[in-house]
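Breakdown of the fold
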Amino acid sequence: MRDQDSFFVGYLPAPPDVRRHAILAGLVLLAGFVLAALTLGRSPLDIGASSYGDELAITGVYSASPYPIVVAAPDTAHPRGRTIMLGGEGKVGAQAFGAAFDGRTVTVKGVLVKRGALDMLLVGGADQFAAATPAQQRPAATQLGRWRISGEICDGKCASGGMRPGVGLAHRACANLCISTGLPPVLVTSAPVEGSAYLLLANANGAAAPAAIADLVALPVTLEGDLERRGDLLIFRVDWSKARTS
Amino acid sequence: MSVRYTPVGWNANKIVYDALLVAAIVAYILVFIWAAERPGGAPPYDDATIRMRAFGSCAFLMLSVVLAIGPLARLDRRFLPLLYNRRHFGVATCVVAFTHASYVLGWYFAFSAHDPYAALLTSNTSYARLAGFPFEIFGLAALVILLLLAVTSHDFWLSFMSAPVWKALHMSVYAAYTLVVAHVAFGALLAPVLQPLQIVVPACALGVVALHALAARAEPASSENQGWIVVGAPDRIAEGRAIVVPVEGGESVAIFRHEGRLSAIANACAHQNGPLGEGRIVDGCITCPWHGFQYRPEDGCSPPPFTEKVATYNLRLENGAVLLDPKPNARGQRVEPLAVGETLA
Ligand code: HEM
Ligand code: HEM
Ligand code: FES
C-alpha cells in the first residue's frame, strides 16, 4: 500500500496531486480506448468483394431437389448451362414459391447476390415464377464418382454475400438458422474441385441435407460421398455418417 | 458540515467523471467504425457486424477497467477518484453490452419466421463439443447479471436488501466477467486468422487477476493474545489515519489515531461497505474513501443530521502494545479513545 498524504473526498475539491493524477488517469484511459479501437477495429478476415442487388431474370428448368435450382440452356458463356441456386428474401428458402414448377421450364425473377464464383438468386415470392416456352429438356446429371473433400459448410446465401463476412464460427448460429429454413448449404472447399470453389450439399439419396448438418457448420470438415454435375453446378451427395471435423 | 455532506447528490467531480466516461465510449465506437471501414483496406464487413464487434469489445474493455479500479485504489490511494463514481461506470458498461446484444439479435437472429430470442437459444445446440460451442449463451448469462446489477444499483436497493445481501449480489460481477471471457474465448478467439483480440483479451483478464492478487497481498496481518488481538506499537498508526485488523468471521476493524488518541470502529462503511480504514480523519470525523460518509471516532455515529452508525470496538495498552478486543460493541456505542500520546519523531 502506498503511503501518501493526499486523500480524495468526492464532494470536496480534490488536493492538487490527486487532481493531477485523476486527470492523467482519465487521459490515459481515453488514449488507451482510442488505441484499442484502432487495433481491434480492423477486420481480421479479408472476405473479398461481393455484390448484392443486381436484378436478374433467368429461364431454365426448375428442380426442387435437393434445393431449388434453375438450369438454363447452354450458351457460349456457360457451355454446360448456367445453373443458379434460389433462396427467398430474408431467412427463408424458395421451396414453397416453386412448388408448382418442379421439372418444368420457368422464368424466375429476383436479385442476385454474388461473391467470387458463388452466387444465388433471391426471389420475393411465388409470383416471381412464370412458366416459359419452349419447354427445355430436364438436364441429365453427370456422375463424377466417389470423393472425400475438405472445407467449411456455410449457408449459401450468407457466404455468397448476403452477410459480410457471413462465414466462420461467429456466424455459426446464423448459418444454422438459414439452413434450417430451407436455404441451401454449401461446402466452400479448401482447394478447387473439378474447377469449382464450392459444392451444393445434399443427402446420399439426393434429397436435402439432414438437420444434423447443424453440428458441422462453420467448422473445418472432411466429407465423403458421390459428386455429380447438373448444368454447371456441382452437387455433393454426402454420406453424413462418415463426416469428420478436423 | 451539512452543506458538504451530500455524497449521493450530483457534484462537479461526478459530472467530469461521467463526461470523460461518455467521451471514451463515443471515441472508441467512432474510431472502431472508422478503422473497420477505412478506405484502401479490405472490403468492409456489414455495418451491423462492425457495430456488434465495436460495442462487444468496448463492453469487454470497460468491464476490465471496472474490475481493475478496486485493487488499483487499494494499492495507490490516488486512484480513488476513479472509484468514486464506479457505479456509473458499471451501468454504462451494461448499456454498451446491451447495445452489442441488440445488434446481434437484430442481425444474425432476425429476418426469419422465428422470434430472435428463440432463434438465439435454438440455432446452435452443439453443447457437447468445444469447437462450435454456442458461445452466445455465455454472453447472454453475463448480460443478465449486468442488467441485474445495474437495476439494483441505486442506494434504495442497498438499504432494501441490506448491505451483506447487496454486496454478495455485486460480487457476481466476477462471474459475469468470467462468462464474458468464455464468451469471447469460444467465439471470436477461435477464428483461424490471427487477430489483436487474441492478445488483448488474455492480457486484460491476466491484468485483472494480477491486480487483485497484488491488492490481497497488501492486506495486514496480526497475532492473537487471550482473545485480544495484538495490534503492535501505537506508532504503527499515523495521525489522522488507520490500520485495518482482520477479526473472526471475515470482518475487519479500523483503528484510527486522532489528536494522539486511538479509536476502533468496524471497517465496513454503512453506505456501501466502503473500507473505512483506508479513509482519513477530515474535520474530526473518520471519512470513507469511497463517497465520503463520515463517522465520529469515539462512537461510530455520523454527525447530525445524519443517522448512520457503525460498531465500535474496545482497545487497551499493554507493555507498549495496542490490544484489540475482537468482540464488537453495539453500533454507535461510545468508547473513550485510548490515549497513547504524541508520537515523537
Ligand atoms: C445476449 C447476449 C449476447 C449475445 C447474443 C452475444 C453474441 C455475440 C456474437 C454473435 C458475437 C460474434 C460477433 C461477430 O464477430 O460477428 C459476439 C462477439 C463478442 N461479444 Fe457478445 N454477445 C452477448 C453479450 C456480450 C456481453 C455481455 C459482452 C461483454 C460485456 C460481450 C462481448 C463480446 C466481445 C468482446 C465479442 C468479440 C467482438 C469481436 O469480434 O471483436 N458479448 N457476441
Ligand atoms: C453493470 C453494473 C456493475 C458492474 C460491472 C459493477 C462492478 C463492480 C465491481 C468491480 C465490484 C467489485 C468489488 C471491488 O472492486 O471492490 C463491485 C462491487 C461493488 N459495486 Fe458494482 N458494479 C455494477 C453496478 C454497480 C452499481 C450500479 C453500483 C452502485 C451501487 C455499484 C457499486 C458497487 C460497490 C460499491 C461495490 C463494492 C462492494 C463491496 O466491496 O462491499 N456497482 N461492483
Ligand atoms: S461512503 Fe459510500 S461506501 Fe462509504
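Small disclaimer: the values here were computed from a predicted structure and weren't measured. Going along each chain's sequence as written, the residues are numbered from 1 onward. A letter from A marks each chain and a number from 1 marks each ligand, given out in the order of writing. pLDDT decides what is reported in this predicted model: residues at 70 or higher carry local features, side-chain atom pairs at 80 or more are listed and counted, and totals for whole chains, interfaces and linings draw on all residues regardless. Excluded from the side-chain calculation are hydrogens and water; included are all heavy atoms of the structure.

Our focus in this paragraph is helix α9 (residues 197-217) of chain B. Every α-helix winds through 3.6 residues per turn, so residues three or four apart in the chain are directed the same way. Spanning 21 residues, α9(B) covers 30 Å between terminal C-alpha atoms, matching the ideal 30 Å at 1.5 Å per step. The classification of residues rests on relative accessible area computed with a 1.4 Å probe and restricted to protein chains. Under 20% of the type maximum is buried, over 50% is exposed, and intermediate values are partly exposed. Only DSSP runs of H or I covering at least 4 residues are called helices, and only runs of E covering at least 2 are called strands; the numbering of each starts at the N terminus. Three or more residues of α9(B) are buried, namely Leu197(B), Val201(B), Ala205(B), Val208(B), Leu211(B) and Ala215(B). End-on, the buried residues of α9(B) take up no more than an arc of 125 degrees, which puts them together on one face. Among the exposed residues of α9(B), those pointing more than 90 degrees away from its buried face are Ile199(B), Leu206(B), Val209(B) and Arg217(B). Every residue pair with non-hydrogen atoms within 4.5 Å of one another is taken to be in contact. In this structure, the buried residues of α9(B) make contact with α1 (16-41) of chain A together with α2 (47-75) and α8 (163-185) of chain B. In this analysis, the expected span of each helix is defined as 1.5 Å times one less than the number of residues it contains. The arc in question is the one traced by the directions running from the helix axis out to the C-beta atoms.

Residues and elements named next belong to chain A. Per the annotation, domain bounds derive from an automatic or database assignment of domains. Taken domain by domain, chain A consists of domain 1 (50-131) and domain 2 (142-245). Using C-alpha coordinates to define each centre, domain 1 is positioned 18 Å away from domain 2. If you look at the interface, domain 1 gives 31 residues, while domain 2 gives 34 residues. In this assembly, domain 1 packs against domain 2 so that about 2,600 Å² is buried in total across both faces, 60% of it on carbon and sulfur atoms. Whenever Lys or Arg places a side-chain nitrogen within 4 Å of a carboxyl oxygen from Asp or Glu, that contact is recorded as a salt bridge. The tally of links from domain 1 across to domain 2 stands at zero salt bridges. Any N or O atom pair separated by 3.5 Å or less is treated as a polar contact, with the protein-specific requirement of one donor-capable and one acceptor-capable atom, and with residues adjacent in sequence counted only for side-chain atom pairs. For the pair domain 1 and domain 2, the number of links is 17 residue pairs in polar contact (both at pLDDT 80 or more). Two parts placed together each lose some accessible area under a 1.4 Å probe, and adding up what both lose gives the buried area.

Turning next to the pairing of strand β4 (residues 252-258) of chain B. Residue and element names in this part refer to chain B. The element β4 is largely enclosed, with a buried count of five among its seven residues. Sheet topology note: the strand β3 (residues 242-246)/β4 ladder contains five bridges and is antiparallel. Bridge assignment links Ile243 to a residue of β4, and that residue is Ile255. As paired elements, β4 and strand β5 (residues 261-266) share six bridges and run antiparallel to each other. Along β5, the bridge assignment pairs Val253 with Ala266. The pairing criterion is simple: DSSP has to find at least two bridges between the two strands. Hairpin geometry of β4 and β5 is characterised by an intervening segment of two residues between the two adjacent antiparallel strands and by a positive phi of about 50 degrees at Glu259.

So, about the site of ligand 1. If you check the shell around ligand 1, you find 24 residues, and the closest are Arg53(B), Gly56(B), His100(B), Tyr108(B) and His183(B). Definition of nearness: a residue and a molecule or strand are near each other if at least one heavy atom of the residue lies within 4 Å of the molecule or strand. Nearby residues place ligand 1 at the junction of chains A and B. Between ligand 1 and Arg53(B), the relevant distance is 3.3 Å, taken from an oxygen atom to a side-chain nitrogen or oxygen of the residue. Within the side chain of His100(B), a nitrogen or oxygen atom sits 2.8 Å from a nitrogen atom of ligand 1.

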